[in-house]
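# Chain and residue survey
Single-letter residue listing:
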Amino acid sequence: MTAIVGILCKKGVVIGSDSSATSSAGPHRTIEQTTKKIFVIDGKCIFAGSGPVGLNQRLFDVVERNIKNP
């Protein structure tokens, strides 16, 4: 489970998340590793995601292209 929290402050926004990624295949043991879940795009956008890595990578790419080339 991923926890992502955003707090609106008087002078900006604070975003935080855990850094744990887990994966497992069927009856095999779960594998846990450290990962980055929050990204700043071009100093304009904060992108945070959870769930399947491939879907987050695709969404990040779309958001990044639209931020950099409106």
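Residues numbered from 1 in each chain as written. Predicted model: local features only at pLDDT ≥ 70, side-chain atom pairs only at ≥ 80, totals over all residues. Heavy atoms only, no water.

### Some words on the overall build of the protein chain
Helix and strand counts for the protein chain come out as one helix and six strands. The helix and strand sequence of the protein chain, counted from the amino end, reads β-β-β-β-β-β-α. Computed over the C-alpha atoms, the radius of gyration of the protein chain is 15 Å, more than 25% above the 11 Å expected from 2.2 N^0.38 for a compact globule of 70 residues. Principal axes of the C-alpha set define a box for the protein chain whose edges measure 45 × 30 × 15 Å. Within the protein chain, the fraction of its 70 residues that count as buried is 10%. (Helix = DSSP H or I, 4+ residues; strand = E, 2+ residues; numbered from the N terminus. Rg over C-alpha atoms; globule rule 2.2 N^0.38 Å. Buried < 20%, exposed > 50% of the residue type's maximum accessible area, 1.4 Å probe, protein only.)

### Describing the side chain of asparagine 56
Along the chain, the position of asparagine 56 falls in helix H1 (residues 53-68). Dropping the residues within four chain positions of it, asparagine 56 is found in contact with Phe47, Gly49, Ser50 and Gly51. (Contact = heavy atoms within 4.5 Å.)

### Remarks on the confidence of the model for the protein chain
Here the protein chain averages 89 in pLDDT, and 100% of its residues register 70 or above. At the level of individual helices and strands, the protein chain shows its lowest average pLDDT in strand S3 (residues 20-23), which scores 83, and its highest in strand S1 (residues 4-9), which scores 95. (pLDDT = per-residue confidence, 0-100.)

### Remarks on unusual backbone geometry
Unlike most non-glycine residues, aspartate 42 shows phi in positive territory, near 55°. Overall, aspartate 42 belongs to the partly exposed group, its relative accessible area being 43%.

### Let's talk about the environment of isoleucine 67
Here isoleucine 67 is to be found in helix H1. Not counting chain neighbours up to four residues away, the residues in contact with isoleucine 67 comprise Ile41, Asp42, Lys44 and Cys45.

### Considering the packing of aromatic side chains
A full pass over the atoms with the stated rule returns two aromatic pairs. Between phenylalanine 39 and phenylalanine 60, the aromatic rings sit 5.4 Å apart at their centres with planes inclined by 55°, giving tilted as the arrangement. In this pair, phenylalanine 39 is assigned in strand S5 (residues 38-41) and phenylalanine 60 in helix H1, connecting sequence segments 21 residues apart. Ring geometry for phenylalanine 47 and phenylalanine 60: centres 5.3 Å apart, planes at 75°, overall edge-to-face. (Phe/Tyr/Trp six-rings, centres within 6.5 Å; stacked < 30°, edge-to-face > 60°.)

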